[in-house]
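# Fold and contact review
Letter by letter, the chains look like this.
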Amino acid sequence: MSRIAYFGPRGTFTEQAARALAPGEELLPVETVRLAMTAVRKGEADAACVPIENSVEGVVPATLDGLSESTPLVAVAETILPVHFSVLTRRGGGEIRTVASHPHALAQVRDWLEANLPDAHPVASSSTSAAAVGVLEGDFDAAVCAPVAVEHYDLEVLATEVADVSDAATRFLLVRRPGELPEPTGADRTSVVAAAANRTGTLAELLTELATRGINLTRLDARPTRSNFGEYRFFIDFEGHVAEPRVLDALTALRRQCRNLRFLGSHPRADGTQTTIESGFGNDDFVEAAGWAAAVRRGDLA
Ligand SMILES: O=C(O)C(=O)C[C@]1(C(=O)O)C=C[C@@H](O)C=C1
């Protein structure tokens, strides 16, 4: 049985994601995204489940930073969960003066809080279920949580299906130490992080390497390198799998442009969207062209 560390404590959306990504495996709740990754790096867990991006609030910075620091980890699977919250309070609790949750969660229920708990003060907690623990312990009066939290914490449900954007969703990754890659499926995502040099056109050069190979981007984010003010790491997700000749060709070109490039994995997309391949950019086109060039090199052209 594998051991899967996840961003906890028990009752987070990430726990739900971990159950979906690793059914039947042993789950290990840890306090932060970073500690979940550290558990994998140290060999205390085989994989970690972490949130990567939300359709309303965007990326989870702790996950991007965790993927670019220390020793490499690669994403081997992902899942997308719809995000509707439950608001939990202490049993028989009185006035609600503070309402706690993960900052990503609070940002997704701002309108609801304004309309329903206008006098409650929002307080950031390390995760949605850490907020539930805080309510139990008397630190806050209400918590905005994943619906499963109520199964773990003896709290009263004040509201369910709370979401300012009704079809909000969060994507989660399962990350491991580098090893065998998942097989390509035709609906895959490849991720890299590049610390590009601070000079004119570097980002444009990297993106051009993908564009000229007909590779569609699915996400682009920047995070500061933390060493020099104004220097960034670019997190680039794109369609395709590194087992495909055109993607491997693009990756090789990115590495040529940027020595500080980290491969973050190729894995099936949770939404099942097939890779769009325009005419002339197919894997067969790349193989045929490479064969032709090799023949030229050998002097074999008829
Ligand atoms: O705290 C949790 O329950 C989490 O799993 C984290 C997280 C996030 O960071 O995006 C996951 C889903 C929701 O969007 C809100 C919080």
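Computed from a predicted structure; not experimentally measured. Sequence order sets the numbering: in each chain, residues are counted from 1 along the sequence as written. With the structure being a predicted model, the display of local features is reserved for residues of pLDDT at least 70 and the display and counting of side-chain atom pairs for 80 or more, all residues being used for whole-chain, interface and lining totals. Only hydrogens and water are set aside; all other atoms, that is, all heavy atoms of the structure, feed into the side-chain values.

## Regarding the pattern of salt bridges
Criterion for a salt bridge: a side-chain nitrogen of Lys or Arg within 4 Å of a carboxyl oxygen of Asp or Glu. Here the structure, examined in full by the defined rule, presents 21 salt bridges. When the shortest N-O distance is used, the salt bridge between E69 and R34 registers 3.7 Å. Within this pair, whereas E69 is found in the loop between α3 (61–68) and β5 (74–82), its partner R34 is found in helix α2 (residues 33–41), the two being separated by 35 residues in sequence. A simple rule labels every residue: compare its accessible area, found with a 1.4 Å probe on the protein chains alone, to the largest value its type can have, and call it buried under 20%, exposed over 50%, or partly exposed in between. Overall, the relative accessible area of 48% leaves R34 in the partly exposed class. When the shortest N-O distance is used, the salt bridge between D237 and R219 registers 3.2 Å. Only DSSP runs of H or I covering at least 4 residues are called helices, and only runs of E covering at least 2 are called strands; the numbering of each starts at the N terminus.

## Details of the site of the ligand
Neighbouring the ligand are 13 residues, the closest being F13, T14, Q108, T128 and T170. The side chain of H104 places a nitrogen or oxygen atom 3.2 Å from an oxygen atom of the ligand. Separating an oxygen atom of the ligand from a side-chain N or O atom of T128 is a distance of 2.3 Å. Here the ligand loses 100% of its free accessible area of 360 Å² to cover by the protein chains. Counting only elements with at least two residues in the shell around the ligand, the list comes to α1 (13–21), β3 (47–54) and α4 (103–108). Asp, Glu, Lys and Arg are counted as charged, while Ala, Val, Leu, Ile, Met, Phe, Trp, Tyr, Cys and Pro are counted as nonpolar; the rest, among them Gly, fall into the polar class. Split by residue class, the shell around the ligand holds four nonpolar, nine polar and no charged. Domain ranges listed in this record stem from an automatic or a database domain assignment. Residue assignment places the shell around the ligand across two domains, with domain 1 (1–82 + 168–180) and domain 2 (84–162) each supplying three or more. Consider each residue's heavy atoms; a residue with any of them within 4 Å of a molecule or strand counts as near. Polar contacts here mean pairs of N or O atoms no more than 3.5 Å apart (in protein, one a potential hydrogen donor and the other a potential acceptor; neighbouring residues in sequence count only if both atoms are side-chain atoms). In these tables, accessible area is a Shrake-Rupley quantity obtained with a 1.4 Å probe, and a residue counts as shielded only by the protein chains included in the view.

## Here's the deal with the domain arrangement of the protein
Many analyses report the size of an interface as the accessible area lost when the parts associate. For the protein, the assigned domains read domain 1 (1–82 + 168–180), domain 2 (84–162) and domain 3 (181–279). On a C-alpha basis, the centroid separation for the pair domain 1 and domain 3 is 21 Å. Tallying the contact residues gives 25 residues for domain 1 and 21 residues for domain 3. Accessible area, probed at 1.4 Å, shrinks when two parts are joined; the buried area is that loss added up over both. Summing the contributions of domain 1 and of domain 3, the shared interface buries around 1700 Å²; its carbon and sulfur component is 52%. Area buried by domain 1 at its contact with domain 3 is led by L64, S68 and E78, which between them contribute 28% of it. For the pair domain 1 and domain 3, the interface holds four salt bridges. With a shortest N-O distance of 2.6 Å, R223 and D65 are connected by a salt bridge. Between domain 1 and domain 3 we count eleven residue pairs in polar contact (both at pLDDT 80 or more) in total. The residue makeup of the side of domain 1 that touches domain 3, split by class, is 13 nonpolar, five polar and seven charged. What makes two residues a contact is simply this: any of their non-hydrogen atoms within 4.5 Å.

## Some details on the UniProt feature "site: Essential for prephenate dehydratase activity" (unreviewed entry) in the protein
When the UniProt feature table is mapped onto this chain, "site: Essential for prephenate dehydratase activity" (unreviewed entry) is found at T170. Those residues within four positions of T170 in sequence are excluded, and the remaining contacts are P51, E53, N54, T79, I80, L81 and V83. In terms of polar contacts, T170 uses its side chain to reach the side chain of N54, at 2.8 Å. UniProt positions are given in the numbering used here, feature names are shortened, and annotations may be inferred rather than shown by experiment.

## A word on the nonpolar core
If you look at the biggest cluster of nonpolar residues, it comprises 34 residues, and the most contacted ones within it are C49, F85, W112 and L174. Two domains each put at least three residues into this core: domain 1 (1–82 + 168–180) and domain 2 (84–162). Sequence-distant contacts of L174, defined by excluding residues within four places in its chain, comprise I4, L21, A47, A48, C49, V74, A75, V76 and A77. Residues grouped as a nonpolar core are buried Ala, Val, Leu, Ile, Met, Phe, Trp, Tyr and Cys residues, joined through side-chain atoms within 4.5 Å.

## Observations concerning helix α9 (residues 245–257)
Relative to the 18 Å expected for 13 residues at 1.5 Å per residue, α9 spans 18 Å between its end C-alpha atoms, a close match to the ideal helical length. Residues of α9 that are buried include every one of R246, V247, A250, L251, A253 and L254, and no others. Down the axis of α9, the sector holding all buried residues measures 160°, keeping them to one side. Residues of α9 that are buried in the fold lie against β12 (188–195), α8 (202–211), β14 (232–239), β15 (261–268) and α10 (283–298). For a helix, the expected span equals 1.5 Å multiplied by the residue count minus one. Within this analysis, the arc is defined by the directions that extend from the helix axis to the C-beta atoms.

## A short note on the UniProt feature "domain: ACT" (unreviewed entry) in the protein
The feature "domain: ACT" (unreviewed entry), as annotated in UniProt, sits at residues 191–269 in this numbering. Taken end to end, residues 191–269 is 29% helix and 37% strand, and its first and last C-alpha atoms sit 12 Å apart.

## Remarks on the sheet that holds strand β9 (residues 142–145)
Spatial ordering of the open sheet is given by β8-β7-β9-β6-β10, a layout of five strands whose pairing is mixed. Two strands in the sheet have a free side with no partner beyond their single neighbour: β8 (121–124) and β10 (156–162). Across the sheet, the mean angle from the axis of one strand to that of its neighbour is 25°, orientation sign disregarded. DSSP bridges decide pairing: two strands pair if at least two such bridges lie between them. Taken together, the two bridges between strand β7 (residues 98–101) and β9 define a ladder with parallel strand orientation. In the sheet register, A100 faces β9, and the bridge partner there is A143. Interaxial angles span 0 to 180 degrees and are taken between N-to-C directions of axes, which are lines fitted to C-alpha atoms, for helices over the stretch in contact. The strands touched by helix α6 (residues 128–136) within the sheet are β6 (85–89), β7 and β9, with β9 carrying the most contacts at an inclination of about 160°.

## Side note on the pairing of strand β11 (residues 169–176)
Here β11 lies mainly inside the structure; seven of its eight residues are buried. By the bridge criterion, seven bridges tie β3 to β11 in an arrangement that is antiparallel. Each residue of the ladder has a partner; that of N54, found in β11, is T170. Pairing between β5 and β11: eight bridges, direction antiparallel. The residue bridging I80 from the neighbouring strand is R171, located in β11.

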